[in-house]
Amino acid sequence: MDDPGEASSRKSDIIHVNYNNDPYLADFLDYENDFIQTSTQPQAKSQYDGFYEPNPDDEYIMEEPSADNTQIMVYEPQPMHEQPSAVNTIYEDNRDNFQNDLRWGSKEEAKTWAYEHGLLINCVLVTGKQSRWNRVEMVCERSGKDVDKHKKGSVYVGKTGRKDKTKTKKRECPFKIVFNYIEEENEGEKYCTMNKKMDCRHNHPPALDLHGHARVARIKDHEMVKIDKMYKARMPPIKILSMLKVDDLQNKSTLRNIYNAKSTLRNKELQGRVVMQQLMWLAGNNNYMVQKEVDEFGQVTHLFLAQPDCVKLAQCFPQVLIMDCTYKKNKYEMPLLNIVGHTSTKAPFTVAFCLLRDELKESYVWALEQCKLMFREDALPKVIVTDQESALMYTIGKVFPDAHNFLCTFHIGNNVRKKCQPIIQPLKMKELEDIKSLPDGIREKKKDKFMKDYDENERLWACFVRE
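Reading the values: rules and limits
- Residues numbered from 1 in each chain as written.
- Predicted model: local features only at pLDDT ≥ 70, side-chain atom pairs only at ≥ 80, totals over all residues.
- Heavy atoms only, no water.
- Pairing = 2+ DSSP bridges.
- Helix = DSSP H or I, 4+ residues; strand = E, 2+ residues; numbered from the N terminus.
- Salt bridge = Lys/Arg side-chain N within 4 Å of Asp/Glu carboxyl O.
- Buried < 20%, exposed > 50% of the residue type's maximum accessible area, 1.4 Å probe, protein only.
- Axes fitted to C-alpha atoms, helices over the stretch in contact; angles between N-to-C directions.
- Contact = heavy atoms within 4.5 Å.
- Patch = residues over 30% accessible without salt bridge, like charges linked within 9 Å, V, L, I, M, F, W, Y side chains within 5 Å.
- Areas by Shrake-Rupley, 256 points an atom, 1.4 Å probe, with all protein chains shown as cover.
- Lys, Arg positive; Asp, Glu negative; His and termini not counted.
- Charge placed at Lys NZ, Arg CZ, Asp CG, Glu CD.
- Core = buried A, V, L, I, M, F, W, Y, C linked by side-chain atoms within 4.5 Å.
- Arc of directions from axis to C-beta.
- Polar contact = N/O pair within 3.5 Å; in protein donor to acceptor, adjacent residues only side chain to side chain.
- Phe/Tyr/Trp six-rings, centres within 6.5 Å; stacked < 30°, edge-to-face > 60°.
- Lys NZ or Arg CZ within 6 Å of the ring centre and 35° of its normal.

**Things to note about the pairing of strand 15 (residues 404-407)**
Okay, step 1: Here strand 14 (residues 383-386) pairs with strand 15 via four bridges, running parallel. Across the sheet, T386 pairs through a bridge with L407, a residue of strand 15.

Here it is as structure tokens:
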């Protein structure tokens, strides 16, 4: 047993730690989940700077003395109180919104009535699993338990390492409304009545708004017909959604529902065909002139398309053709060759268009040979206008030897401007910056002379461009 004098001297060396007044230590202990922070009144400072005297009523434990003959006093950890789960919380009873003595002629009418009245209080009702031929049960969408769909006793391994971020909506909600289906044998009348025994309580907080709800925001059948018409008219999704909300003020759909509806309509139109098969199918149904070429792997390398009315126009006005490839490519890195014709009134029209693998001579030869099949042998094009595409200009001489190849005036103007502007308009405004660095007397003379020469060059260049 220790000597009392020694114990009293050891007691004076005790360092008391009140972590309520030390935020760094409190955060550390709270993070490790070893202790909990309790609210206490500030204590008087002791002779040790940075530490406070503990409250005598506080419970504490004494650890073993350290090497320097001191002890540390800390609060005894207390168990944290768990928050009650949402399942155990029962909210108000909504019996007054549903209870009545009405009769419905069929089960569907009773379910529709219950569903619509549930929406008035932001409650989504579905048909329960206990429904039979003589009873209809309407329950909350969050009733029931989460059932594992995988085989019992086996460990499910996903195809990818991605983890699902969604969770089940099932919370074992006790809400239940029962309709009894009655068939009277004497009078032969059939109807539904509401059972007085109902539970209209929820164990989850009510929804504040049903906008975008997975079940309420579904596209209805008559809305799908409207979307189909607007989709074929190339109306943007945001305008489609606006039209639906104008027709129905209670519509809860979102833009995501419109995109899903468009995808459903597109898949229904494809009928299992891939994009290329759908293109060929549509071209055949609309009597398009279609030619394609594939490589040894079965991939399409060249595709030529011409609308039947455009073919007739080309046969009526075969004299002039304009050809040019777009500088942009599609997602398959294929350039588009546009072939345009002119009527007698100089109105342009599209003759055909062709997707090419590249802009080489072989590709242009194939495209022009397909274009040549549109014309009669005695009525071939006489003039073909192109840019300075050397491969295309070479191909025209091979496929259409009697046609004259002219360059586009736009590209000619660009070349003339590029070559002649340095000669006709040599002065540039950047030379004016060099004049500003000259001394005062010389600067004014040089500036006046430069502005006169610049105005004269501008006048000459404007006359050249107009001519």
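Next comes the rest of the description.
**Describing the sheet that holds strand 6 (residues 135-140)**
Okay, step 1: Strand order in this open sheet of five strands is 4-8-7-6-5, and the pairing throughout is antiparallel. Only two strands of the sheet have a single neighbouring strand rather than two, namely strand 4 (103-104) and strand 5 (125-127).

**Things to note about the pairing of strand 13 (residues 348-355)**
Okay, step 1: Two strands pair when backbone bridges link them, and strand 10 (residues 300-306) and strand 13 are joined in this way by three bridges, in the antiparallel orientation. Bridge pairing in strand 13 places L305 opposite F353.

**Quick notes on the pattern of salt bridges**
Any two side chains of opposite charge can pair if their charged atoms end up close together.
Okay, step 1: Overall, the coordinates contain twelve salt bridges when judged by the stated rule.
Okay, step 2: R103 serves as the salt-bridge partner of E189, at 4.0 Å between the closest nitrogen and oxygen. Highlighted residues: E189 in the loop between strand 7 (176-183) and strand 8 (190-194) and R103 in strand 4, separated in sequence by 86 residues.
Okay, step 3: By relative accessible area, E189 is classed as partly exposed at 32%.
Okay, step 4: Across the pair D228 and K232 runs a salt bridge whose closest N-O atoms are separated by 3.8 Å. Here K232 and D228 lie together in helix 4 (residues 221-232), a separation of four residues that amounts to about one turn.
Okay, step 5: Accessibility expressed as a relative area gives 24% for D228, which makes it partly exposed.
Okay, step 6: What makes K232 exposed here is its relative accessible area of 62%.
Okay, step 7: One connected set of salt bridges, linked through shared partners, spans R135, E137 and K176.

**So, the sheet that holds strand 15**
Okay, step 1: Read from one edge to the other, the open sheet built from seven strands follows the order 9-10-13-12-11-14-15, with strand pairing classed as mixed. The outermost strands of the open sheet, each flanked by one partner alone, are strand 9 (289-294) and strand 15. With strand direction ignored, the average angle separating the axes of adjacent strands in the sheet is 20 degrees.
Okay, step 2: Against the sheet, helix 9 (residues 361-372) contacts strand 9, strand 10, strand 11 (320-329), strand 12 (335-342) and strand 13, and its axis sits at roughly 30 degrees relative to strand 10.
Okay, step 3: Against the sheet, helix 10 (residues 390-399) touches strand 11, strand 14 and strand 15, its axis set at about 170 degrees to strand 14.

**With respect to a positive patch on the surface**
Okay, step 1: Taken together, the side chains of K129, K169, K170, R215 and R218 define a basic patch exposed on the protein surface.
Okay, step 2: Among the secondary structure elements, R218 is positioned in the loop between strand 8 and helix 4.

**Observations concerning the nonpolar core**
Okay, step 1: Of all hydrophobic cores here, the largest spans 30 residues; its most connected members are F304, L321, M323, L337, I339, V351 and M374.
Okay, step 2: Put simply, the parts of the chain that give this core at least two residues each are strand 10, helix 8 (308-316), strand 11, strand 12, strand 13, helix 9 and helix 10.
Okay, step 3: Here this core gets five residues from one element, more than from any other, and that element is helix 9.
Okay, step 4: When sequence neighbours within four positions are dropped, the list of residues in contact with M323 reads L337, N338, I339, L368, I384, V385, T386, D387 and L392.
Okay, step 5: Counting residues in hydrophobic clusters, the runner-up holds 19 residues, among them A110, A114, V136 and M194.

**Observations regarding helix 8**
Okay, step 1: Within helix 8, the full set of buried residues consists of C310, V311 and A314. Looking straight down helix 8, one finds its buried side chains confined to an arc of 105 degrees; they lie on one side. Among the exposed residues of helix 8, those pointing more than 90 degrees away from its buried face are K312 and C316.
Okay, step 2: The inward-facing, buried residues of helix 8 contact strand 10 and strand 13.
Okay, step 3: The N-terminus of helix 8 is capped by Q307, whose side-chain oxygen sits 2.8 Å from the backbone nitrogen of D309.

**So, the packing of aromatic side chains**
Okay, step 1: Applying the stated rule across the entire model yields three aromatic pairs.
Okay, step 2: Here F98 and F175 contribute two aromatic rings whose centre-to-centre distance is 5.6 Å and whose plane-to-plane angle is 70 degrees, an arrangement assigned as edge-to-face. Here F98 is found in the loop between strand 3 (72-75) and strand 4, whereas its partner F175 is found in the loop between strand 6 and strand 7, with 77 residues between them in sequence.
Okay, step 3: Take F98: its relative accessible area is 1%, and that puts it in the buried class.
Okay, step 4: Ring centres 5.2 Å apart and planes at 90 degrees place the aromatic pair W104 and F179 in the edge-to-face group. Here W104 is found in strand 4, whereas its partner F179 is found in strand 7, with 75 residues between them in sequence.
Okay, step 5: The exposure class assigned to W104 is buried, which follows from its relative accessible area of 7%.
Okay, step 6: Each member of the aromatic cluster is reached from another via a ring pair, and the members are W104, W113 and F179.
Okay, step 7: Residue placement shows K361 over the ring face of Y394; its charged tip is 4.1 Å from the ring centre.

Just distances and angles here, no functional claims.
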